[in-house]
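Chain by chain, the residues:
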Amino acid sequence: MHPDDRRTALRTLSLAGLGAALGALLSLLLRWQLSLPGRPIPLLGPLLFPDHHGAVPAASYPALFTLHGTVMIFFAVTPALSALALIRLPPLVGRERPAHPALHRAALGLFALGLALLLAGLHARFGAPAFGWTASPPLSTARSPGAGATLWLCAVACSALATLLGSFDVLATIVGAPKLAWARLPLSAWGHLFAATLNALFLPILLGALALLFSDRHLGTALFTTPSRPGGDALVYQHLFWIFGHPEVYILILPVWGAVSDALARAADRPPALHRAVVAAMAAVTLLSGLVYGHHLLTAGLSPLLAQGFMTLTLLISLPSAAFVASWIATLHGASLRPDAAASYSLAAVVLFVLGGLTGIPLALVSTDRFLHDSAFVVGHFHLVMAATLLLGLFAMLHEALGRLGLRAPSITVARLHAWTTALGALGVFVPMLRLGLGGAPRRLYDPDLYRYLHPLLAWQRVATVAAALLFTAQLAWLIAWWRGRR
Amino acid sequence: MPPDLSADGHRIDALLRVSIGLTAALAAAFLIALAWVVHRARQRARSAAPEAAAPPAVAVALGVAVLVFAVIDLTLAARSHRAAIGPPPPDALRVEVLAQQWAWRFRYAGPDEVFGTADDVTTLNDLRLPVGRAVALEVRSLDVAHGLFLPLLRSRADAYPGRTARTWFRPAREGRTELACSVLCGAAHYQMRAEVAVLSNEQYTRWMSGLSDDQRRRAAAGEAPPAGAWAWGP
């Protein structure tokens, strides 16, 4: 690997690791508050919240989950995937270097700038941004005075621009590869290709939405209006955000699907089963991902016809998803399997993806979404896919990538132990969330204890918190194991 | 699921049970198939047994998996359509709900059944409903987006500022429950709750006439009716 690319990749991965560590710490604070509402947090609490005897203050709680979501999506998973594409892609398409490595270097600078702006926003006058990672107006505009929200907008815009630049490089690296045999293009490369395509299509929409929010905040417009300033419509922002927001799930998961397919095939020492069908399934998901976002708005008063349409399109995504899982099983069927680290992570990722993907079905149905929308069930569902499956998939890719970076990966025993502890921990955190949601627990509540009907569910919050501690410890243990044997 | 106080919530609950059951069954099917295939493949690797040739049935299995999902999707979509609640009956009790950071204001039209008149009755964070009669809610927001969520009445409506959200349900059992805000609306979002009571018809009538009398006395004393009403939608 070229030393310049290696440096860029290592730094981007380190930034992503920093983001992930911050996001994980924040999630532990959230979990503590949800299982022991208002109780002081040992060790960290007095440092973070000295005025509240170490307990999470109610006003800080939304800021904590806003930062958690923002950091995890825009400054952990996204840069990690960008770096992994830089490391893995050139050899997959028979190139020495990516087409435009300078784009990835610029992306690193933008990711770093974005993260710095985001953290600066925490110290802004009138407090940190506290409107959730979706930044819905007017909560994020008229009702969020101070520089914190503006810095948040700029930070996310930096991450979006960085991702866009990296994606252009991915597209150019694949499409411009000399003598590229499309029929034999590995599924990992297809995953990066489709993800980059979605980025190129939908990130400009996010950037546009952020620009409009900025305009409402600073240029005196009322595009996403408040009732006192009629003119625009807050719901328009929801459409703009989710047109990007839903494909984002597939932007993050498509490279993982590709990597899992290839890792399982390699461990089984045979080509991935149904290669063409899997590419077609990836293409179908890419196409559908842009047409299903309306399920995020099923309870926002869509016309019944539109809601039924979005429901049907959303359910259709289960078809290519079923095809992926069937192809993984087919690849292993009759094979002789010697799972390396990447395959172990991949197997764990498949288990969590099956559960995470299927729990999307009750959310897609208009009638059941009436009960489940904005509940803890939603949080459990998307974390099974976007946190658990992604984390395991990223480790599958990382274990291969470390070799190319000239770094030693932890042993296969460590990898296996880590993969299955992570899977177990993730199930322990997110399955209780599904249960809480079925019990009617809304998400984003600082103190669920305030509601009588939620009292019987408190034990599930505690199970999730204990499992979160296990999940966190497993990551820490991997990091220590890797650090001690890295050279 | 929490207890259901509504007449139609069982349709949502039934579909939820079916979809969760199917989800669990499909997950079990996939995971058992995966575990079996992995187990056999590991055994083969350990015993150095020759690999089986890729079975020709693989493509068929894939087709079947996709077909199974297609059938399940269509069935669930059709059931969801059947469980849809449709428009409220014309004799429904109408209540206007004005959401704001961080409280719920409920407005009953009073004896004249017209909103915005002197006999309107308003309450704060206190919604009382008669058992057995359909209740139609129109929800508006005064500031940011809020979400009206009545878990035990299986009802929900997200209110975006500048728009009117609508929902309806029929309380079937007397009891006390809670209304939660389900859309993040700021620092005290978690405190934006209201008490909900489903009363017998006598209790409800007594409560309502008490409030109406109060309202009439205030109007007679020249007090303006509470602001914030709107013309009920079509």
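Residues numbered from 1 in each chain as written. Chains lettered and ligands numbered in written order. Predicted model: local features only at pLDDT ≥ 70, side-chain atom pairs only at ≥ 80, totals over all residues.

Novice: When you look at the overall build of chain A in this model, what are you seeing that I'm missing?
Specialist: Scanning chain A from N- to C-terminus turns up 16 helices and 0 strands. For 487 residues, the compact-globule estimate of 2.2 N^0.38 gives 23 Å, and the C-alpha radius of gyration of chain A, at 22 Å, lies within 12% of that figure. Within chain A, the fraction of its 487 residues that count as buried is 60%. Considering only contacts within chain A whose residues lie at least 6 apart along the sequence, 81% involve residues at least 24 apart. (Helix = DSSP H or I, 4+ residues; strand = E, 2+ residues; numbered from the N terminus. Rg over C-alpha atoms; globule rule 2.2 N^0.38 Å. Buried ≥ 20, exposed ≤ 12 C-beta atoms within 10 Å, placed from the backbone. Contact = placed C-beta atoms within 7 Å.)

Novice: Is there a simple way to think about the overall build of chain B in this case?
Specialist: A tally of helices and strands in chain B yields 3 helices and 10 strands. When the elements of chain B are put in sequence order from the N terminus, they spell out α-α-β-β-β-β-β-β-β-β-β-β-α. The globule rule puts the C-alpha radius of gyration for 234 residues at 17 Å, and the 26 Å found for chain B is more than 25% above it. Dimensions of chain B along its principal axes, counting C-alpha atoms only, are 95 × 35 × 30 Å.

Novice: Any chance you could explain the interface of chain A and chain B here in plain terms?
Specialist: Interfaces are often sized by the amount of accessible area the parts lose when they come together. Counting residues at the interface gives 75 residues for chain A and 71 residues for chain B. Of all the elements in the fold, those that place two or more residues in the side of chain A that touches chain B are helix H7 (234-267), helix H9 (304-316), helix H10 (318-332), helix H11 (341-358), helix H12 (360-364) and helix H13 (366-372) of chain A. For the side of chain A that touches chain B, the leading source of residues is H10(A), giving 10 residues. When its residues are assigned to classes, the side of chain A that touches chain B shows 48 nonpolar, 19 polar and 8 charged. (Nonpolar A, V, L, I, M, F, W, Y, C, P; charged D, E, K, R; others polar.)

Novice: Hey, could you run me through the sheet that holds strand S5 (residues 135-141) of chain B in this one?
Specialist: Within a beta sheet, neighbouring strands are joined by backbone hydrogen bonds and run either parallel or antiparallel to one another. Residues and elements named next belong to chain B. Across the sheet, 5 strands lie side by side as S3-S2-S1-S5-S8; this open sheet has mixed pairing. Single-partner strands in this sheet number two, and they are strand S3 (121-124) and strand S8 (165-169). On average, each strand axis in the sheet is inclined to that of its neighbour by 25°, with strand direction left out of account. (Pairing = 2+ DSSP bridges. Axes fitted to C-alpha atoms, helices over the stretch in contact; angles between N-to-C directions.)

Novice: Explain the environment of A:Leu264 here, please?
Specialist: Structurally, A:Leu264 can be placed in helix H7. The residues touching A:Leu264, leaving out its near neighbours within four places in the chain, are A:Trp328, A:Thr331, A:Leu332, A:Ala343 and A:Ser346.

Novice: How do you make sense of the nonpolar core when you look at a structure like this?
Specialist: Inside soluble globular proteins, nonpolar side chains tend to come together where they are buried. Counting residues in hydrophobic clusters, the biggest one holds 244 residues, and the most contacted among them are A:Leu352 and A:Leu392. Looking at which domains feed residues into this core, each of domain 1 (9-83) and domain 2 (93-220) of chain B supplies at least three. Setting aside residues up to four positions removed in sequence, A:Leu392 forms contacts with A:Tyr345, A:Ala348, A:Ala349, A:Leu352, A:Ala419, A:Thr422 and A:Ala423. (Core = buried A, V, L, I, M, F, W, Y, C linked by C-beta atoms within 7 Å. Domains from an automatic or database assignment.)

Novice: How should the domain arrangement of chain B be read in this particular structure?
Specialist: Taken domain by domain, chain B comprises domain 1 (9-83) and domain 2 (93-220). Using only C-alpha atoms to locate each centre, domain 1 of chain B and domain 2 of chain B end up separated by 44 Å.

Novice: What should I look at first to understand the packing of H7(A) against H11(A) in this one?
Specialist: Helix packing for two helices is described by the angle between their axes and how far apart those axes are. Residue and element names in this part refer to chain A. For the pair H7 and H11, interaxial distance at closest approach is 9 Å and the crossing angle is 125°. Looking at the two axes, H7 sits oblique to H11. Crossing handedness for the pair H7 and H11: left-handed. Contacts between H7 and H11 involve Val256, Val260, Ala263, Leu264 and Ala267 from the former and Ala342, Ala343, Ser346, Ala349 and Val350 from the latter. When its residues are assigned to classes, the contact of H7 with H11 shows 9 nonpolar, 1 polar and no charged. (Parallel < 35°, antiparallel > 145°, perpendicular 65-115°, else oblique. Left-handed = near helix turned anticlockwise from the far one by under 90°.)

Novice: What's the story with the sheet that holds strand S7 (residues 155-159) of chain B in this structure? I'm lost.
Specialist: All names here are of chain B. Pairing is mixed across the open sheet formed by 5 strands, whose spatial order is S4-S10-S9-S6-S7. With partners counted over all chains shown, the strands left at the sheet margins are strand S4 (126-130) and S7, one partner each. With direction set aside, neighbouring strand axes in the sheet form an average angle of 20°. Sheet analysis places strand S6 (residues 146-150) next to strand S9 (residues 175-181), joined by 2 bridges and oriented antiparallel. Paired with Leu148 across the bridge in S9 is Cys181. The strands touched by helix H3 (residues 201-220) are S4 and strand S10 (193-199); relative to S4, the strand with the most contacts, the crossing angle is about 130°.

Novice: Whenever I open this one, the packing of helix H5 (residues 147-175) of chain A against helix H6 (residues 187-218) of chain A confuses me. Can you help?
Specialist: All names here are of chain A. Packing of H5 against H6 leaves a shortest axis separation of 8 Å and a crossing angle of 155°. As judged from the angle between their axes, H5 and H6 are roughly antiparallel. Considering how the two elements wind past one another, H5 and H6 form a crossing that is left-handed. Partitioned by chemical class, the residues of the contact of H5 with H6 number 19 nonpolar, 5 polar and 1 charged.

Novice: Is there a simple way to think about the confidence of the model for chain B in this case?
Specialist: Regions with low pLDDT carry predicted coordinates that are not meant to be interpreted in detail. On average, chain B scores 91 in pLDDT, and the residues at 70 or more come to 97%. ipTM for the predicted complex: 0.94, alongside a pTM of 0.96. (pLDDT = per-residue confidence, 0-100.)

Novice: Whenever I open this one, H6(A) confuses me. Can you help?
Specialist: Residue and element names in this part refer to chain A. Between its first and last C-alpha, H6 extends 45 Å over 32 residues, near the 46 Å set by a 1.5 Å rise per residue. Its maximal kink placed at Phe202, H6 deviates by approximately 35°, while the proline Pro204 follows within four residues. Two residues or fewer past H6, Gly220 is found with a positive phi of approximately 80°. (Expected span 1.5 Å × (residues − 1). Bend = angle between axes of the 7 residues up to and from the residue.)

Novice: Where do I start with helix H15 (residues 412-438) of chain A in this structure?
Specialist: In an α-helix, one turn spans 3.6 residues, which is why side chains three or four residues apart end up on the same side. Taking 1.5 Å of rise per residue, the 27 residues of H15(A) would be expected to cover 39 Å, and the 38 Å separating its terminal C-alpha atoms lies within 8% of that figure. Directly beyond the C-terminal end of H15(A), a positive phi value near 90° is found at A:Gly440.

Novice: Just checking my understanding: could you explain the pairing of S10(B) for this structure?
Specialist: Each regular strand shows side chains that alternate between the opposite faces of the sheet. All names here are of chain B. Relative to S10, S4 runs parallel, the two being bridged by 5 bridges. Considered in S10, the bridge of Asp126 is made with Glu195. Pairing geometry for S9 and S10, over 6 bridges, is antiparallel. Considered in S10, the bridge of Arg176 is made with Ala197.

Novice: How should unusual backbone geometry be read in this particular structure?
Specialist: Apart from glycine, the bulk of residues carry a negative phi angle, and the bulk of peptide bonds sit in the trans form. Cis peptide bonds are those with omega within 30 degrees of zero, and the linkage from A:Pro137 to A:Pro138 qualifies with 0°. Mapped onto the elements of the fold, A:Pro138 is located in the loop between helix H4 (101-121) and H5. Phi at A:Leu274 takes a positive value of approximately 55°, unusual for a residue other than glycine. Note on placement: A:Leu274 falls in the loop between H7 and helix H8 (275-289). Unusually for a residue other than glycine, B:Glu113 sits at a positive phi of about 60°. Along the polypeptide, B:Glu113 turns up in the loop between strand S2 (103-108) and S3.

Novice: Just checking my understanding: could you explain the pairing of S8(B) for this structure?
Specialist: Residue and element names in this part refer to chain B. In terms of burial, S8 is largely enclosed, as 4 of its 5 residues are buried. Summarising the sheet, S5 and S8 pair through 5 bridges and their orientation is antiparallel. In the sheet register, Val135 faces S8, and the bridge partner there is Phe169.

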